[in-house]
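Survey of secondary and tertiary structure
Here is how the chains run, residue by residue.
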Amino acid sequence: MDTTTEVAARVGQVLKTRNLLLATAESCTGGGIAQAITEIAGSSEWFDCGFVTYSNASKNELLDIPEALIAQHGAVSEEIAGAMAEAAVANSNSSVAVSTTGIAGPGGAVPGKPVGTVCFGWRVGDQTFTERKVFSGDRHSVREQSVIHSLLGLIRLLS
């Protein structure tokens, strides 16, 4: 299995080759994607910024996610993940974004959304892609799997 650093370096190669800038919008990963990216020397050439919007209020205030959308779908939903990725592009100099929102645990599960549920959003050009996954393991493991999955998804969409 690839390490987070290896995957982040691959993301950088793809973005640099295509002359694209990336932004992140993170909830459950708490800035882990941005941290993985900025571990790579030279990442300032292809990484613009990251938003850590852990609370619903910050999703609304920093990313302009409507409170009504959060109330309708819940913060952990593909709809919110997609809106977060779109907002990251709209509120930055980037043309590509990745987002995460989920339940890393150990608490927080709700009916239909067990611990380990993470929703991902990717904005590439004028298209938004979303996905819902359920990971196993403890809080650290869920967050680490989420960072890697988000970056691998970006590579897949850009390749």
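Further up the page is the structure itself.
Presented here is an overview of the structure given in this document. Owing to the predicted nature of the structure, the values given are computational and were not obtained by experimental measurement.

1. Observations regarding the overall build of the protein
The helix and strand inventory of the protein stands at six helices and five strands. The N-to-C order of helical and strand elements in the protein reads α-β-α-β-α-α-α-β-β-β-α. For 159 residues, the compact-globule estimate of 2.2 N^0.38 gives 15 Å, and the C-alpha radius of gyration of the protein, at 14 Å, lies within 12% of that figure. By its C-alpha atoms, the protein is 45 × 35 × 20 Å across when sized along the principal axes. Taken across its 159 residues, the protein has 49% of its residues classed as buried. Considering only residue pairs separated by 6 or more positions, the protein has 62% of its internal contacts joining residues 24 or more positions apart. Side chains of the protein give 11 positive and 16 negative charges; the mean places of these two sets differ by 4 Å.

2. Notes on the packing of aromatic side chains
Applying the stated criterion across every chain, the model contains two aromatic pairs. When the ring of Phe 120 is compared with that of Trp 122, the centres are 5.8 Å apart and the planes differ by 10°; the resulting orientation is stacked. You'll find Phe 120 and Trp 122 in the same group, each marked buried. Look at Phe 120 and Phe 135: their rings are 6.2 Å apart centre to centre, the planes differ by 90°, and that puts the pair in the edge-to-face class. In this pair, Phe 120 sits in strand β4 (residues 117–124) while Phe 135 sits in the loop between β5 (127–134) and α6 (139–158), placing the two residues 15 residues apart along the sequence. Across this residue pair, the class does not change: Phe 120 and Phe 135 are buried. An aromatic cluster of three or more residues is present, and its members are Phe 120, Trp 122 and Phe 135. Here Arg 156 stacks its cationic end above the ring of Trp 122, 6.0 Å away from the centre of that ring.

How each quantity is defined
- Residues numbered from 1 in each chain as written.
- Predicted model: local features only at pLDDT ≥ 70, side-chain atom pairs only at ≥ 80, totals over all residues.
- Heavy atoms only, no water.
- Helix = DSSP H or I, 4+ residues; strand = E, 2+ residues; numbered from the N terminus.
- Rg over C-alpha atoms; globule rule 2.2 N^0.38 Å.
- Buried < 20%, exposed > 50% of the residue type's maximum accessible area, 1.4 Å probe, protein only.
- Contact = heavy atoms within 4.5 Å.
- Lys, Arg positive; Asp, Glu negative; His and termini not counted.
- Charge placed at Lys NZ, Arg CZ, Asp CG, Glu CD.
- Phe/Tyr/Trp six-rings, centres within 6.5 Å; stacked < 30°, edge-to-face > 60°.
- Lys NZ or Arg CZ within 6 Å of the ring centre and 35° of its normal.

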